[in-house]
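Residues per chain, in single letters:
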Amino acid sequence: MGLLDILLGRTKPAPPDLDQLFGLPSAAVTLEAAAGLRPTGQGAVCFATVEGAAFEQTHREVQALLDADTDRTGPPVELSKDAYGYSWLVSRRAPDQLPELVNDLHAVNSAMEVNGFGPQLLCSLVGFADGEADGEADNKGEADSKAGGGSGRRLALVYLYKRGTFYPFAPLPDRPHQRDNALELQLKATLANDLRVEQDLSRWFPVWGAPGL
């Protein structure tokens, strides 16, 4: 960064840093304590749709890599396309296997990057939901009193590949294309010690229809 940039207060965005993904398990502990939100076991990597033999080979390599995990049950990774034309590589784990899920997302991103598809990578996300959604909340009143209260809430922690930052995305239950801005802004401060949170709110893009939400 040059002297003029410093004097004018201009800063450069952080470069991609996939190791930032390993902060998600710590953030999950904070989320549960502060908002009663727990991992769903679902995560995904989003990228601009790619066609051709080179990507198909990369996809096969990723599947083979994740297939090698003997603790996994079900499909290791699924490829899907959303209504907006973006592609998603989706991984599903047990809710208590967040570190393993993070390893999956890191492996998918790394494989895409190494094989020359880094420019197509857009974001990765991990899904969270109210603890009581799966019958695990012992005290409904206590759960509802936490940040953003109410059952049926879902949240994604979204990692922006090209920024090296995270932001919370909280679609409102039963309200298409509406989000819980109050909860998102509260979690911006709550997660500051666990994740590199994106400070530019204009980059908190909605990910409607993302897998796991």
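For the structure itself, look to the data block above.
Parameters and conventions
Residues numbered from 1 in each chain as written. Predicted model: local features only at pLDDT ≥ 70, side-chain atom pairs only at ≥ 80, totals over all residues. Heavy atoms only, no water. Helix = DSSP H or I, 4+ residues; strand = E, 2+ residues; numbered from the N terminus. Buried < 20%, exposed > 50% of the residue type's maximum accessible area, 1.4 Å probe, protein only. Areas by Shrake-Rupley, 256 points an atom, 1.4 Å probe, with all protein chains shown as cover. Contact = heavy atoms within 4.5 Å. Polar contact = N/O pair within 3.5 Å; in protein donor to acceptor, adjacent residues only side chain to side chain. Expected span 1.5 Å × (residues − 1). Arc of directions from axis to C-beta. Patch = residues over 30% accessible without salt bridge, like charges linked within 9 Å, V, L, I, M, F, W, Y side chains within 5 Å. Salt bridge = Lys/Arg side-chain N within 4 Å of Asp/Glu carboxyl O. Phe/Tyr/Trp six-rings, centres within 6.5 Å; stacked < 30°, edge-to-face > 60°.

A.B. asks: Even after reading the chapter, I still don't get the overall build of the protein chain, so can you show me in this structure?
C.D. replies: Secondary structure assignment for the protein chain yields six helices and six strands. When burial is assessed residue by residue, the protein chain has 45% of its 213 residues classed as buried. Summed over its atoms, the accessible surface of the protein chain is roughly 10500 Å², and 53% of this surface lies on carbon and sulfur atoms.

A.B. asks: Could you clarify how one ought to interpret unusual backbone geometry in this entry?
C.D. replies: The phi torsion of most residues other than glycine is negative, and most of the peptide bonds are trans. Phi at D174 takes a positive value of approximately 60 degrees, unusual for a residue other than glycine. Looking at the element boundaries, D174 is found in the loop between β6 (165–169) and α6 (181–190). Of note in this structure, H177 is not a glycine but carries a positive phi near 60 degrees. Position of H177 relative to the elements: it lies in the loop between β6 and α6.

A.B. asks: Would you take a moment to explain the environment of N109 for this structure?
C.D. replies: Within the secondary structure, N109 sits in helix α4 (residues 98–117). Given a relative accessible area of 1%, N109 falls into the buried group. Along the backbone, N109 and S124 are 15 residues apart, and their C-alpha atoms lie at a distance of 8.4 Å. Ignoring sequence-local partners within four residues, the contact set of N109 consists of L18, L21, V45, L121, S124 and Y161. Polar side-chain contacts of N109 include one of 2.8 Å to the backbone oxygen of L105.

A.B. asks: I keep staring at helix α2 (residues 24–35) and nothing clicks. Help me out?
C.D. replies: Side chains of residues three or four places apart in an α-helix project in the same direction, reflecting 3.6 residues per turn. Compared with the 16 Å implied by 1.5 Å per residue over twelve residues, the 15 Å span of α2 between its first and last C-alpha is a close match. Among the residues of α2, L24, A27, A28, L31 and A35 are the ones counted as buried. Within α2, the buried residues cover an arc of 105 degrees as seen down the axis, which keeps them to one side. For α2, exposure combined with an orientation more than 90 degrees from the buried face picks out V29 and A33.

A.B. asks: Would you explain a nonpolar patch on the surface in this entry?
C.D. replies: Residues Y84, Y86 and L122 make up a contiguous nonpolar surface patch of roughly 290 Å² in combined accessible area. Note that Y86 resides in strand β3 (residues 86–92).

A.B. asks: I would appreciate a short explanation of the packing of aromatic side chains in the present structure.
C.D. replies: To describe a pair of aromatic rings, you give the distance between the ring centres and the angle between the ring planes. Within the structure shown, the criterion is met by five aromatic pairs. Geometrically, the ring pair formed by Y159 and F166 is tilted, given 5.0 Å between the ring centres and 50 degrees between the ring planes. Neither Y159 nor F166 differs from the other in exposure class; each is buried. By way of ring pairs, the aromatic residues F47, F55 and F117 are connected into one cluster.

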